[in-house]
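# Chain and residue survey
The lines below spell out each chain.
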Amino acid sequence: MKKLSSIADSLWGHKAKLSYLLIASALLLFTLLGAREIWTQEHRWADIVSGMFYRQDFLHPYLGENRYYDKPLLSYWLIAAVAKISGELNVWALRLPSALAGLLAVWSIYRLGCKVKNRQLGLLSGWLLVTTFYFLFWARTSSADMLNLAGSLFAVAWYFDKRDRAGFFDYTVFFLIVAATSLCKGLVGAIVPLIAVFTDIALQRSWKKHLRLPLFFSAVPALIVYFFPFWLSISFGGESYGQNGLYLVYRENILRYFQPFDHKGPIYTYLLYLPIYLLPWALFFVPALFALKKRWSTLSLNNRWVAWTLLLLFLFFTVSGSRRSYYVLPVVPFAILFTADWILSEQGLQVRRRLWTAALVVFSFFFLFLAIDLLPAWYYSQYGASRFASMLKSEANQIKPWSIWNVVTLDSESKLNFYLQLPPDIKN
C-alpha cells in the first residue's frame, strides 16, 4: 500500500513532475515505431505519399492510379516532409506525425486539466490518456485520426489558457490551430473545439467578452490558410485531375453526416465503442457516470463544462448518420478528463481510488509497452510482408539488379507495393 501511495505521489501527487509524464509518453509512442507492419488503412497514406513523390505532384492525391481527394492534404504533406528530411519514405516516416500528435495530445490534456481544476488533475489525465489502449494504438498508426484528436484538444487547451485575457493574437492562433486540424481529416477538426468552446462560453456567460470585432477579424488568416491548399490544387493541374477538393469536403463531411452513403453503423454504435476505446479506464469511467447525479451540486463550473462537453460531443457523433468505431476517438480525451476528476473527488473514497489508479497506470504502461511496442516488433522481424519483400529483393539481386526487374503482382496486398518500393502504375 505504501509503495502504491508513493507511486501515486510521483505520478500526479506532490512529488510528480511533468517531465516524468512526457518521458514515459515518449517511450510508449516512439519505441520501435516503424517495426510493426503496415496495418489496413495505413496503406492509403503509404500509396498516396509514394505516388506524390513518384509524380512529383503534391497537390493531387492518387490511390494507386485512382484520384483520391477524400481527405485534405496536410496529413500527406506532414509524412512527405518527414520523408524528405530523413531521406527515406518508410514506415517510421509514415507514423511519426501521428506519434508526435500523440505527444501533443498528452501535453494538451495536461494543460487543460490544470486550467479546469489544478495540476493534479492535469497530470492524472495525462497518465490516463497515454495508458489508454486505443489512444496509443492510433498514435502509432499512420492516419489523420490522431492528428485530428491532437489538434482539437490543443485548440481547446489554448482557449482555456487564454480565455481570461484573450486578444487578437490569441484568437488568431486558436483559429489557425482549428484550420490546420481541419486540413488533416476534415471539418470535424473545427466542430469538436467549437462545441467545447461554445459550451464554456455559455456556462460562463461570457458572450459579450468574446463576441467582439477582434474575434471575427482574427478568423481571416485561418480562412486563408484553410482554403490555400484547395486553391493550389484547383489552379495548378486541377482541370486534368478532375476532382474538386472543396466539393469532397462537403461530400465527406456535410453530406455524409446528414445523408450517409456508407459506414451506416447503428444508433448505439458509440454506446458500445466509447467504453471500449477507454480501456482500461472504462473500469472507472462507468462508475464515474453513475456518480454524476450525486456529485452535480458540488461540481465547479469548469467541472460541469467537462461533463456537458462530453455529452454534447457524444450526441454530435451519435446523431450523425455515418458511424464507425474510431470516429469516437476525439471524445476520448474529454471522457478521460471526466474520469480523472471523479478519481480525485470525494475525499473519503479518494485513497482507495488513488491506490487502484496507481496500480493500473503502472500495469497498463508495462502491458502496453510489451503488447504494442515490443511483441509486434519481434513478430514482424521474423514474419510478414516486410520480411518477404527483403527476401524477394535479395534473391532477385542475385540474378540481376532489383532496379531493372519488371514486376507484375497477382492478387497481392496493396501494402506489398510499398515494401517492394514499386511505382503506382505497377501492373496488377
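For the structure, see preceding data.
Reading guide: rules and limits
- Residues numbered from 1 in each chain as written.
- Predicted model: local features only at pLDDT ≥ 70, side-chain atom pairs only at ≥ 80, totals over all residues.
- Heavy atoms only, no water.
- Helix = DSSP H or I, 4+ residues; strand = E, 2+ residues; numbered from the N terminus.
- Rg over C-alpha atoms; globule rule 2.2 N^0.38 Å.
- Buried < 20%, exposed > 50% of the residue type's maximum accessible area, 1.4 Å probe, protein only.
- Areas by Shrake-Rupley, 256 points an atom, 1.4 Å probe, with all protein chains shown as cover.
- Lys, Arg positive; Asp, Glu negative; His and termini not counted.
- Charge placed at Lys NZ, Arg CZ, Asp CG, Glu CD.
- Core = buried A, V, L, I, M, F, W, Y, C linked by side-chain atoms within 4.5 Å.
- Contact = heavy atoms within 4.5 Å.
- Salt bridge = Lys/Arg side-chain N within 4 Å of Asp/Glu carboxyl O.
- Patch = residues over 30% accessible without salt bridge, like charges linked within 9 Å, V, L, I, M, F, W, Y side chains within 5 Å.
- Axes fitted to C-alpha atoms, helices over the stretch in contact; angles between N-to-C directions.
- Parallel < 35°, antiparallel > 145°, perpendicular 65-115°, else oblique.
- Left-handed = near helix turned anticlockwise from the far one by under 90°.
- Nonpolar A, V, L, I, M, F, W, Y, C, P; charged D, E, K, R; others polar.

What follows deals with the overall build of the protein. Each helix and strand counted, the protein has 22 helices and two strands in total. For a compact globule of 428 residues, the expected C-alpha radius of gyration is about 22 Å, and the protein comes in at 23 Å, within 12% of that figure. Along the first, second and third principal axes, the C-alpha atoms of the protein reach 75 × 55 × 40 Å. For the protein, buried positions account for 54% of its 428 residues. Accessible surface computed for the protein: about 20100 Å², of which carbon and sulfur atoms make up 66%. Across the protein, the mean location of the 41 positive side-chain charges is 12 Å away from that of the 23 negative side-chain charges.

Our focus in this paragraph is the nonpolar core. Leu112, Trp305 and Phe334 are the most contacted members of the largest nonpolar core, which totals 141 residues. When residues of this core are assigned to their parent elements, the largest contribution, 13 residues, is made by helix α5 (residues 91-116). The contact partners of leucine 112, leaving out residues within four places of it in the chain, are Leu153, Val156, Ala157, Phe160, Trp305, Phe334 and Leu337.

Our focus in this paragraph is the pattern of salt bridges. Tallying each qualifying case throughout the model produces 14 salt bridges. Put simply, glutamate 37 and lysine 415 hold a salt bridge, and the shortest N to O gap is 2.4 Å. Placement of the pair is glutamate 37 in the loop between α2 (18-30) and α3 (42-55) and lysine 415 in helix α22 (residues 414-419), with a sequence separation of 378 residues. When its relative accessible area of 14% is taken as the criterion, lysine 415 is described as buried. Glutamate 252 serves as the salt-bridge partner of arginine 251, at 2.5 Å between the closest nitrogen and oxygen. The structure contains a network of salt bridges with shared partners spanning Arg163, Asp164, Asp200 and Lys209.

So, about unusual backbone geometry. Here the bond from leucine 279 into proline 280 is cis, since omega is 5 degrees, no more than 30 degrees from zero. Take proline 280: it is sitting in the loop between α15 (269-277) and α16 (282-290). A positive phi angle, near 50 degrees, is found at leucine 32, a position not held by glycine. Note on placement: leucine 32 falls in the loop between α2 and α3. One non-glycine residue, arginine 205, lies in the positive phi region at around 55 degrees. By the secondary structure assignment, arginine 205 is in the loop between α10 (188-204) and α11 (207-210).

Let us look at a nonpolar patch on the surface. A grouping of Phe168, Phe198, Trp207, Leu211, Leu213, Phe216 and Phe217 is seen on the molecular surface, where their side chains present a nonpolar patch of about 760 Å² in accessible area. With three residues, helix α12 (residues 213-235) is the largest single contributor of residues to the nonpolar patch. Here phenylalanine 198 is to be found in helix α10.

Our next topic: the packing of α10 against helix α18 (residues 301-319). Interaxial distance between α10 and α18 falls to 9 Å at its minimum, and their mutual angle equals 140 degrees. Between α10 and α18, the angle falls in the class oblique. Two packed elements cross with a definite hand, and for α10 against α18 that hand is right-handed. Each of Val188, Ile191, Val192, Ile195, Ala196, Thr199, Asp200, Leu203 and Gln204 in α10 lies in contact with α18, whose residues at this interface are Leu301, Asn302, Arg304, Trp305, Trp308, Thr309, Leu312, Leu313, Phe316 and Phe317. Looking at the contact of α10 with α18 residue by residue, the class counts come to 13 nonpolar, four polar and two charged.

Bear in mind that shape data such as this cannot, by itself, settle questions of function.
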